[in-house]
Amino acid sequence: MFKPALAVRPANQRLRIATLRLFFVAALIPILWGVPVWQAVPVQALMRTAGSLCIVAAVLGRFWAILYIGGRKNAQVMQTGPYSICRHPLYFFSTIGATGFGLLLDSLLLAALFGLGAFTILSATARREEDYLRTMFGPAYEDYAGRVPRILPRPSLFRAGPGMMLNLNALRTNLADALVFVAAFPVAETIGALHDAGLARGFRIF
């Protein structure tokens, strides 16, 4: 039986959340004075539809992952459902949601900035988490990591597994995270209204 070492600690999730929040707050300051170049109504409608779909996918995808991991995080190597196609599906769907926020702001540049920013921060967190998981599960996790990509999914690997697990505490925490993504809609509308009123105009962004 594998005996885990105790030198490596789990990733600090509070630090991850705080870093992401600071990143988006810092990004919102110049956004208020950035006017998208995509002024054609059909183009804006297409980008906002794509952004909305990304936000919905992020919320639903995160709940899907939570229903599988439940209260078993750091207790076993989850390898079914969303965890069969990537090792950190919560981080994948969060990246999709961050990208969607940029699209809601009618900006391909912001979509790329938010998506890459979230991906970079979450990838660093994932690496720290995996150091801990390797000390906990040893060869079992090494085998899993060797077959399944870290964040970007490989759909061909999907397998449903025996079932999902309902954990109210995990669902409650995820609901709070989901509300952050849902808040992207009123934030985008508010910024758009400020631009329309001429209260926040400056440089042009793509």
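Predicted model only: the values in this text are computed from it and were never measured.

1. A short note on the side chain of Glu129
1) Next: Secondary-structure assignment places Glu129 in helix 4 (residues 108-137).
2) Next: Residue classification places Glu129 among the buried residues on the basis of a relative accessible area of 7%.
3) Next: A polar contact of 3.4 Å, which involves the side chain of Glu129, links it to the side chain of His88.

2. Some thoughts on the packing of helix 2 (residues 41-69) against helix 3 (residues 89-104)
1) Next: The interhelical angle for the contact between helix 2 and helix 3, taken along N-to-C directions, is 160 degrees, at an axis separation of 7 Å. Between helix 2 and helix 3, the angle falls in the class roughly antiparallel. Between helix 2 and helix 3 lies a crossing of left-handed hand.
2) Next: Considered class by class, the residues forming the contact of helix 2 with helix 3 number 16 nonpolar, 6 polar and 2 charged.

3. Things to note about the environment of Gly115
1) Next: In this structure, Gly115 sits in helix 4.
2) Next: Beyond its immediate stretch of four places on either side in the chain, Gly115 contacts Thr95, Ala98 and Thr99.

4. Observations regarding the UniProt feature "transmembrane region" (unreviewed entry) in the chain
1) Next: With numbering matched to this structure, UniProt assigns "transmembrane region" (unreviewed entry) to residues 20-38, 50-69 and 90-119.
2) Next: In residues 50-69, helix accounts for 100% and strand for 0%; the two terminal C-alpha atoms are 28 Å from one another.
3) Next: Structurally, residues 90-119 comprises 90% helix and 0% strand, and the distance from its first C-alpha atom to its last is 11 Å.

5. Quick notes on a nonpolar patch on the surface
1) Next: Where nonpolar side chains cluster on the molecular surface, the patch consists of Leu175, Leu179 and Val182 and spans about 260 Å² of accessible area.
2) Next: Its place among the elements puts Leu179 in helix 6 (residues 168-182).
3) Next: A residue is classified by how much of its surface remains accessible, and Leu179, at 52% relative accessible area, is exposed.

6. Structural notes on helix 3
1) Next: The terminal C-alpha atoms of helix 3, which comprises 16 residues, lie 23 Å apart, in line with the 22 Å expected from a rise of 1.5 Å per residue.
2) Next: Within two residues after helix 3, Asp106 carries a phi angle of roughly 60 degrees, on the positive side.

7. Concerning the pattern of salt bridges
1) Next: Summed over all chains, the structure comprises 6 salt bridges.
2) Next: Asp106 serves as the salt-bridge partner of Arg48, at 2.6 Å between the closest nitrogen and oxygen. You can see Arg48 sitting in helix 2 and its partner Asp106 sitting in the loop between helix 3 and helix 4, a full 58 residues away along the chain.
3) Next: Owing to a relative accessible area of 35%, Arg48 belongs among the partly exposed residues under this scheme.
4) Next: Residues Glu142 and Arg134 are paired through a salt bridge, measuring 2.9 Å at the closest nitrogen-oxygen approach.
5) Next: Its relative accessible area of 42% is what places Glu142 among the partly exposed residues.
6) Next: Relative accessible area serves as the criterion here: at 27%, Arg134 is assigned to the partly exposed category.
7) Next: Taken together, the shared-partner salt bridges connect Arg87, Glu130, Arg134, Glu142 and Arg150 into one network.

8. Quick notes on the nonpolar core
1) Next: Counting residues in each nonpolar core, the largest one holds 40 residues, and the members touching the most others are Ile66, Tyr83, Leu90, Tyr91, Leu105, Tyr141 and Tyr144.
2) Next: For this core, the elements supplying multiple residues, two or more each, are helix 2, helix 3, helix 4, helix 5 (139-147), helix 6 and helix 7 (184-196).
3) Next: For this core, the leading source of residues is helix 4, giving 9 residues.
4) Next: Every residue in contact with Tyr141, bar those within four places of it in the chain, is listed here: Val77, Arg87, His88, Glu130, Leu133 and Arg134.

Basis of the calculations
Residues numbered from 1 in each chain as written. Predicted model: local features only at pLDDT ≥ 70, side-chain atom pairs only at ≥ 80, totals over all residues. Heavy atoms only, no water. Helix = DSSP H or I, 4+ residues; strand = E, 2+ residues; numbered from the N terminus. Buried < 20%, exposed > 50% of the residue type's maximum accessible area, 1.4 Å probe, protein only. Polar contact = N/O pair within 3.5 Å; in protein donor to acceptor, adjacent residues only side chain to side chain. Axes fitted to C-alpha atoms, helices over the stretch in contact; angles between N-to-C directions. Parallel < 35°, antiparallel > 145°, perpendicular 65-115°, else oblique. Left-handed = near helix turned anticlockwise from the far one by under 90°. Nonpolar A, V, L, I, M, F, W, Y, C, P; charged D, E, K, R; others polar. Contact = heavy atoms within 4.5 Å. UniProt positions renumbered as here; feature names shortened; annotations may be inferred. Patch = residues over 30% accessible without salt bridge, like charges linked within 9 Å, V, L, I, M, F, W, Y side chains within 5 Å. Areas by Shrake-Rupley, 256 points an atom, 1.4 Å probe, with all protein chains shown as cover. Salt bridge = Lys/Arg side-chain N within 4 Å of Asp/Glu carboxyl O. Expected span 1.5 Å × (residues − 1). Core = buried A, V, L, I, M, F, W, Y, C linked by side-chain atoms within 4.5 Å.

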